[in-house]
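# Analysis of the macromolecular model
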Amino acid sequence: MSADSLAQYESSKTLKFTDWHPPVMGWVWSLFNTLSDGPQGMLLWQLGLLWIALFLWYSSLLPASRGAWALLAVGLLPWVLNFAGVIWKDVGMAFALALAVALGLSTTRFVTVSTSVFMLFYALSLRYNALFALPPLLIFLWSRWRPDAKAWQTIAISMLTLAAMLLATNVVNYSVLKAEKTSPSSYMMVDDLFHLSLREGRSLMPGISFSNIQHCAGRVIGQNRLVGRSFCLAEGRNFSNRNPLNTPELSKIWLDAVASHPLRYLQFRTAAFVYLLRTAQDSPYYIWHPGIDANSLGLAQTNNTLTRVVHWWVDASARLAPLLFKPFIWFVLGIAVLTASLVQARGKNSNAALALSSSALLYILGYIPATPMADFRYVYWSVLAISLAAVLVLIGWGKPAAPSWRLRPWLLAIPISLCVALVALYMNAQNAFDLKIDRQLWSQFRDHSIPVSGTPRLVGFAPASDGLYRITGPDPHLIYDLHTQVVASKDVDYLAFDFHCEGQRAIPSVQLFWWNDNQPAAREEQSTTFTPASGMNVISTRFLRGWADVGRLAHLRVDLDPNDACAFLRIGVVHWVPRSP
C-alpha cells in the first residue's frame, strides 16, 4: 500500500471523500471494513476480480482450444503479478475491465449483462481516463449482446451507454457520496504553466515567483524535470498559504497561456508523454511497490516467503528483459496484436483481441494531454489487455485469414511501417523530444555564474585526449577543493557542470557530495543522486538535503555509477550561481 492506498483506506474509515481519489473505491472499501477492518477485504476483492475474469476467459475457450490454460497463466506474468497485490485504483480498474469483457464472452443473460455493465461503471468511477479505454470494449460487448443490430446502431448505443456512465459517476460521487471537489485536473495545468513560464521568462502562475519556478526546474522528481512540479512547489518557501491547485482563476490562466503558445504546449506534452513511455535512454520506472508504507493508521506488512518469491520473479524478469517494463514496447506490441487480430478471420476470440488491443492503445494515447508521472502502473490496463489479446491471437493462429487481408496483403505494410518508425523513435526519442531544461536555466544564469577554481583531484580516473577522462578504478570520482574561494552554502542557489559520456555502456548516474572542514570525508546524508543529461546540468541547492547546514564549503565530489557506464567521460568546469538577493 502506497500513500494513495493509505489515503483511500482512511477515507473508507471516515466516509469523508474527495475527488482526488475515487470516492466509490473508498465507499466499497468501507463495506469490506464491516466484515474485516483493514486492507484484506479490498485486496481479496481486487484479486477476486482478476482470477474470476481469467477463469471466465479460460472457460469461454473450452473445450475447443488446448491453449486455453495460457489465459490463466496471464495472471502469473511478472508485469501483471508485480502490482496485482497493490491496492491502487489503476489495478482495480484494470481487473474490473477484464472481468467486464470476460462476462461478455460467456452468456447474454440479464444478470451477466448487468454485472458486466456494473464492472464497466466501477472501472470508470475509479479512473476518469478509463473513458479512453471503454469505447472499443462497449462496441464489442454490445455486438455480442445485440448481434442483429447494424454497425451504426451498435456504436450509437455504446456511446449512449458511456455517456450514461459518466453522468452516473458524477451523480454518485457528488450527490450520493458528497465528495469534496479538489480539481485534480489542476495538477496537469500547473505542469503546463510551469513550462510555459520557464519559456516565457516570467511566472504565469499567481502567487508563485519566477525564482520558485526556476528552482523547481532544477529539481528532479520521478527521474524527470517536466511533470510533477506541484510536489516541488509545495516544498518551496512561502508556499503553504498559496497552493496553485486551489487558485480559482487557474483554468482561465491555463486556457489563455495555451491559446497564446499552442506549439510550446504541444511540444511540452509530447515530451512528457515520451517520458512516460520510457525510451532506450531511460530505465523502467516504479515497477514494484514493497509492502505497506509507514503510516499512523496501524497498518504494516511483514515480508514472507510468497512476497519474497514474487519480488524475485519480478526483479529477475526486469533485469533480464527491461523492455517489457517500459510502456513504449507495450504500445508497439499493441499495434502488432491489433494487426494480427484484424488479419485473423472474424470470430469471438479475434473480435475480443481486437477490442482489447484497441482499448489498450487508446488508453495509452489518452495520456498525451495528461501525463502525471512515469509510473508503470499508469499503463497497467494496457499491459494486461495486450497480454490477454496476445494469448487470444496466438491460440487462433494458423486459422484462415480474413478475406479482406487475403485480397489486399499490402495493407500489412502500414502497421509494419508504423512499428518500424516507433522503434526508430524509441532509439532516438531523447534527442528528438528533449526540451533541454538545463540549457534553458543555464542561459538565464550563465552571465552571473562563478567557476570553481583549480583542477579536480582524480580518483579512479586518468586523463585522456581532448579533455576526456578514462575510468581506471572501481570507484571513479573527482574532488574539487574550494579552499581558495570563500563559498558559504547559504550563498549558493545553483550548481552547474557540463557532462558528456563517450562510449556509453549503461545509463550513467552521478552522485554529488559536499562537505566542510569539520568533516573528514563525504557522507551519504550530504549528497544527491541523479541521471545527468548530456550537456549542461543545473542543480538547485534549495532542495538538497543537508546543504544549508554545511556553512563554508570545503569540497565537492562528483561520483560516476556504474563505474563502467562510460568508456570515457568529460566533466566540464563546475560553476556555482550566487543566491539572488
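In short, a report on the structure.

Time to look at the packing of helix H6 (residues 89-106) against helix H7 (residues 110-126). Close contact between H6 and H7 brings their axes to 8 Å; oriented N to C, the two are set at 160°. In terms of orientation, H6 and H7 fall into the roughly antiparallel class. Considering only the axes of H6 and H7, their crossing is left-handed. Of H7, the residues touching H6 (which contributes Lys89, Gly92, Met93, Ala96, Leu97, Leu99, Ala100, Leu103 and Ser106) are Thr112, Thr115, Ser116, Met119, Leu120, Tyr122, Ala123 and Leu126. For the contact of H6 with H7, the per-class residue count stands at 11 nonpolar, 5 polar and 1 charged.

This part is about unusual backbone geometry. In this structure, Pro562 follows Asp561 across a cis peptide bond, with omega equal to -10°. Inspection of the secondary structure assignment puts Pro562 in the loop between strand S10 (555-561) and strand S11 (566-571). Unlike most non-glycine residues, Lys178 shows phi in positive territory, near 55°. Here Lys178 is to be found in the loop between helix H9 (151-176) and helix H10 (186-200). The exposed category is assigned to Lys178, whose relative accessible area is 61%. For Arg278, which is not glycine, the phi dihedral falls at a positive 65°.

Enumeration over the complete set of coordinates arrives at 2 disulfides. Between the sulfur atoms of Cys501 and its disulfide mate Cys566 the distance is 2.0 Å. Negative torsions about the S-S bond denote left-handed disulfides, and the value of about -115° found for Cys501 with Cys566 makes this one left-handed. A residue pair is termed long-range when its members are at least 10 positions apart, and Cys501 in strand S6 (residues 492-504) and Cys566 in strand S11 qualify at 65 residues. As far as burial versus exposure is concerned, Cys501 and Cys566 are alike and both buried. The disulfide pattern of the protein is 1-2, 3-4 when the bonded cysteines are numbered in sequence order.

Rules used throughout
- Residues numbered from 1 in each chain as written.
- Predicted model: local features only at pLDDT ≥ 70, side-chain atom pairs only at ≥ 80, totals over all residues.
- Heavy atoms only, no water.
- Axes fitted to C-alpha atoms, helices over the stretch in contact; angles between N-to-C directions.
- Helix = DSSP H or I, 4+ residues; strand = E, 2+ residues; numbered from the N terminus.
- Parallel < 35°, antiparallel > 145°, perpendicular 65-115°, else oblique.
- Left-handed = near helix turned anticlockwise from the far one by under 90°.
- Contact = heavy atoms within 4.5 Å.
- Nonpolar A, V, L, I, M, F, W, Y, C, P; charged D, E, K, R; others polar.
- Buried < 20%, exposed > 50% of the residue type's maximum accessible area, 1.4 Å probe, protein only.
- Disulfide = S-S within 2.5 Å.

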